[in-house]
Amino acid sequence: MSTAIEGTMPTHDEGATTAILQLREIGKIYGNVTALREIDLTVQQGEVTCVLGDNGAGKSTLIKIVSGLHDYDAGQMYVNGELRHFASPRDALDSGIATVYQDLALAPLMSVWRNFFLGNEIRKGPLRLLDSARMGAVAQEELAKMGIDIPDIDRPVASLSGGQRQCVAIARAIYFGAKVIILDEPTAALGVKQSGVVLKYIVKARDAGLGVVFITHNPHHAYLVGNHFVVLKLGRVVLDEERENLTLEQLTAQMAGGDELAELTHEIREAEGAPKPVE
Ligand SMILES: Nc1ncnc2c1ncn2[C@@H]1O[C@H](COP(=O)(O)OP(=O)(O)OP(=O)(O)O)[C@@H](O)[C@H]1O
């Protein structure tokens, strides 16, 4: 259970710009596994905060906490300066935090515009019929506004490229009021060109004033768009740096295991140099 007292952020932050989302010393325990320990994370509007980490680092657990699927066990989470515990994903969404998952939650055989409005359909008349013309027009306009050029939005969403599908899911979250978007490995399953489509779109979302949390394994993708980098390892923050204080090489080395990699290189070289065992 959180030890925090319900209320607003501590006074020593007064005067500073209020972060749209802030985690302070967040902890999460599953039985006897500590998935997250003392995690600090600040998300500002108009910035991309990259969260990097290898398998088991705690990225999914972090996403579950900020998207309202799990509560945290320790620390505090502030949304616009207000201490929050989300009761459900709806609660997170109502607070302006939308998560775009890897599987995207799109209905592949439905049209692009149906997917754009899935769960938020516009209806008309006393019979509450779907207003397909209006939804089609709005979806087309919104996607175009964000630079996503889809010539025929009546096409099934499955016919789009992976990158375009990601962009549709992000555009949908923004249109329905997200202030923070959490992107769960949006480039993981994509090739270079399609990743580029998504990375450009992340920049557009950032420039539109959203707070973007970009969860990824890939330091190269992160460094192309990130303002701020947090690396998790076994549930702890091992690096927390602004872009101006970090090179791509440092970020990559940290992701690759830093000291451990140097140690491994040393061991391999030693093994290579060692005399071969006699057969
Ligand atoms: N429901 C659960 N019950 C028990 N342990 C869990 C549960 N979910 C996650 N864990 C453990 O918590 C730790 C962090 O897992 P998490 O899935 O958050 O990492 P991750 O960075 O998302 O990894 P991956 O990239 O492999 O998904 C791991 O040790 C994992 O085994």
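Residues numbered from 1 in each chain as written. Predicted model: local features only at pLDDT ≥ 70, side-chain atom pairs only at ≥ 80, totals over all residues.

As recorded by an unreviewed UniProt entry, the protein carries the name Simple sugar transport system ATP-binding protein and is attributed to Barrientosiimonas humi.

> How do you make sense of the site of the ligand when you look at a structure like this?
Taken together, Y30, G31, V33, A35, G53, N55, G56, A57, G58, K59, S60 and T61 make up all the residues around the ligand. In terms of residue count, helix α1 (residues 59–66) provides more of the shell around the ligand than any other element does, 3 residues in total. Considered class by class, the residues forming the shell around the ligand number 4 nonpolar, 7 polar and 1 charged. (Near = placed C-beta within 6 Å. Helix = DSSP H or I, 4+ residues; strand = E, 2+ residues; numbered from the N terminus. Nonpolar A, V, L, I, M, F, W, Y, C, P; charged D, E, K, R; others polar.)

> Could you clarify how one ought to interpret the packing of helix α5 (residues 162–175) against helix α6 (residues 192–207) in this entry?
Geometry of a packed helix pair, given as the angle between the helix axes and the separation of the axes. Here α5 crosses α6 at 20°, and the two axes come no closer than 7 Å. Taken together, the axis directions place α5 and α6 in an arrangement best described as roughly parallel. By crossing handedness, the relation of α5 to α6 is classed as right-handed. When α5 is examined against α6, the residues G162, G163, Q164, Q166, C167, I170 and I174 are found in contact with a partner set consisting of Q194, S195, V197, V198, Y201 and A205. (Axes fitted to C-alpha atoms, helices over the stretch in contact; angles between N-to-C directions. Parallel < 35°, antiparallel > 145°, perpendicular 65-115°, else oblique. Left-handed = near helix turned anticlockwise from the far one by under 90°. Contact = placed C-beta atoms within 7 Å.)

> Where do I start with the confidence of the model for the protein in this structure?
Reading predicted coordinates in detail is not appropriate for stretches of low pLDDT. Averaged over the protein, the pLDDT score is 85; the fraction of residues at 70 or greater is 87%. Within the model, pLDDT remains below 50 along residues 1–15, and this stretch shows 16 contacts once partners closer than five positions in the same chain are excluded. Interface scoring of the predicted complex returns ipTM 0.92; its pTM is 0.83. (pLDDT = per-residue confidence, 0-100.)

> Explain the sheet that holds strand β12 (residues 236–242) here, please?
Adjacent strands of a sheet form backbone hydrogen bonds with each other and so pair up, either parallel or antiparallel. Reading across from one edge, β6-β9-β10-β3-β11-β12 is the order of the 6 strands in this open sheet, with mixed pairing throughout. The two strands at the open ends of the sheet, each matched to only one other strand, are β6 (97–100) and β12. Put simply, the sheet's adjacent strands are angled 15° from each other on average, direction ignored. Sheet analysis places strand β3 (residues 47–53) next to strand β11 (residues 228–233), joined by 5 bridges and oriented parallel. Note on β11: the bridge partner recorded for T49 is H228. Across the sheet, helix α8 (residues 248–256) lies against β3, β11 and β12, angled at about 15° from β11, the strand it touches most. (Pairing = 2+ DSSP bridges.)

> Any chance you could explain the domain arrangement of the protein here in plain terms?
Quoted interface sizes are often the accessible area lost when the parts come together. What the domain assignment lists for the protein is domain 1 (17–96 + 178–263) and domain 2 (110–177). With centres defined by C-alpha atoms, the gap from domain 1 to domain 2 works out at 27 Å. With 14 residues of domain 1 in contact, the opposing surface of domain 2 contributes 13 residues. Of the residues forming the side of domain 1 that touches domain 2, the biggest block, 7 residues, is contributed by α6. (Domains from an automatic or database assignment.)

> Teacher, can you tell me more about the sheet that holds strand β4 (residues 74–79) here?
Spatially, the 4 strands line up as an open sheet ordered β2-β1-β4-β5, and their pairing is antiparallel. The open sheet has two edge strands with one neighbour each: β2 (33–43) and β5 (82–83). Here β4 pairs with β5 via 2 bridges, running antiparallel. Of the residues in β5, the one forming a bridge with V79 is E82.

> Teacher, can you tell me more about the environment of S67 here?
Note on placement: S67 falls in the loop between α1 and β4. Through-space distance from the C-alpha of S67 to that of Y175 is 18 Å; in sequence the pair is 108 residues apart. Not counting chain neighbours up to four residues away, the residues in contact with S67 comprise P89, A92, I97, T99 and I182.

> In this structure, what is going on with the nonpolar core? I would like to understand it.
Nonpolar side chains in soluble globular proteins generally cluster together in the buried interior. Within the largest apolar cluster, 71 residues are counted, with the highest numbers of intra-cluster contacts made by V168, V180, I181 and F214. It is α5 that contributes the most residues to this core, 6 residues altogether. (Core = buried A, V, L, I, M, F, W, Y, C linked by C-beta atoms within 7 Å. Buried ≥ 20, exposed ≤ 12 C-beta atoms within 10 Å, placed from the backbone.)

> How do you make sense of α8 when you look at a structure like this?
Each turn of an α-helix holds 3.6 residues, which means side chains three or four residues apart point in the same direction. For α8, the complete set of buried residues consists of L251, Q254 and M255. The arc that holds the buried residues of α8, viewed along the axis, is 100°, so those residues lie on one side. In the core, the buried residues of α8 are packed alongside β3, α7 (219–225), β11 and β12. (Arc of directions from axis to C-beta.)

> Explain the pairing of strand β10 (residues 211–216) to me, please; I cannot follow it from the model alone.
A regular strand places its side chains on the two faces of the sheet in alternate fashion. Of all the 6 residues making up β10, 6 are buried; the element is thus mostly covered by neighbouring parts of the structure. Residues of β10 alternate between two faces, with G211, V213 and I215 on one and V212, F214 and T216 on the opposite face, all of them buried. In this structure, β3 lies alongside β10, joined through 6 bridges in parallel fashion. Bridging from a neighbouring strand, C50 pairs with F214 of β10.

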